[in-house]
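Listed here are the chains, written in short residue letters.
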Amino acid sequence: MIMREWRGRVPHDKAQAYEAFLHTSGIADYGATPGNRGTWMLIDRTGDVTEFTLLTLWDSEKAIEAFAGEDIRLAHYYPEDDGFLLEKPKYVRHYEVRWPRS
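Structural notes, computed from the coordinates. (Residues numbered from 1 in each chain as written. Predicted model: local features only at pLDDT ≥ 70, side-chain atom pairs only at ≥ 80, totals over all residues. Heavy atoms only, no water.)

1. A closer look at the pattern of salt bridges
Now for step 1: Following the criterion strictly, the structure yields 9 salt bridges and no others.
Now for step 2: Linking R45 and E19 is a salt bridge whose minimum nitrogen-to-oxygen distance equals 4.0 Å. Of this pair, R45 sits in the loop between β2 (36–44) and β3 (49–58) while E19 sits in helix α1 (residues 15–24); the two residues are 26 residues apart in sequence, bridging distant segments of the chain.
Now for step 3: For E19, a relative accessible area of 25% gives the class partly exposed.
Now for step 4: Where D82 meets K88, a salt bridge forms, and the shortest distance between an N and an O atom there is 2.8 Å. (Salt bridge = Lys/Arg side-chain N within 4 Å of Asp/Glu carboxyl O. Helix = DSSP H or I, 4+ residues; strand = E, 2+ residues; numbered from the N terminus. Buried < 20%, exposed > 50% of the residue type's maximum accessible area, 1.4 Å probe, protein only.)

2. Some points on empty space enclosed by the protein
Now for step 1: This structure, assessed with the given rule, holds 1 cavity of 30 Å³ or more.
Now for step 2: Empty space within the largest cavity amounts to approximately 120 Å³.
Now for step 3: Around the largest cavity, the lining comprises 13 residues; the ones closest to its centre are W6, Y30, L54, H76 and Y78.
Now for step 4: Those elements that place two or more of their residues in the lining of the largest cavity are β1 (2–11), α1 and α2 (26–32).
Now for step 5: A breakdown of the residues in the lining of the largest cavity according to their chemical character gives 9 nonpolar, 2 polar and 2 charged. (1 Å grid on protein atoms, 1.4 Å probe; cavity = no way out; pocket = protein on both sides within 12 Å on 5 of 7 lines; lining within 4 Å. Points joined across faces, edges and corners; volume = space filled by probe spheres on them. Nonpolar A, V, L, I, M, F, W, Y, C, P; charged D, E, K, R; others polar.)

3. A short note on α1
Now for step 1: Those residues of α1 that sit buried are A15, Y18, F21 and L22. All buried residues of α1 fall inside an arc of 120° around its axis, so they share one side. Facing away from the buried side of α1, by more than 90 degrees, are the exposed residues Q16 and T24.
Now for step 2: Buried-residue contacts for α1 involve β1, α2, β2 and β3. (Arc of directions from axis to C-beta. Contact = heavy atoms within 4.5 Å.)

4. Quick look at helix α3 (residues 61–68)
Now for step 1: Every buried residue of α3 is listed here: A63, I64, F67 and A68. Seen along its axis, α3 keeps its buried residues to an arc of 120°; they face one direction. Those residues of α3 that are exposed and aimed more than 90 degrees away from the buried face are K62 and A66.
Now for step 2: Against the buried residues of α3 lie β1, α2, β3 and β4 (93–96).
Now for step 3: G69 lies just past α3 and shows a positive phi near 105°.

Take a look at the structure:
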């Protein structure tokens, strides 16, 4: 299992609209991609901007590739992101998921 982490920052006054947009764009597309096992949206409203973190679980790199393209390290953006995001980081992070042993 692989966790994919994407982060984006928006002005506070655009946070509510961006959250709604994420549900109809990236989150919907994640869920429609075979091999996606769930999505978590984390929102940090402290500081000068609102930061969104999307964590997605995937069966494999191949499953991520079906969503993100051949180079899964690259972030996937939509044209509308330009009206919200303060910057568009080029890369996302991936983690191998291990379950703790008891």
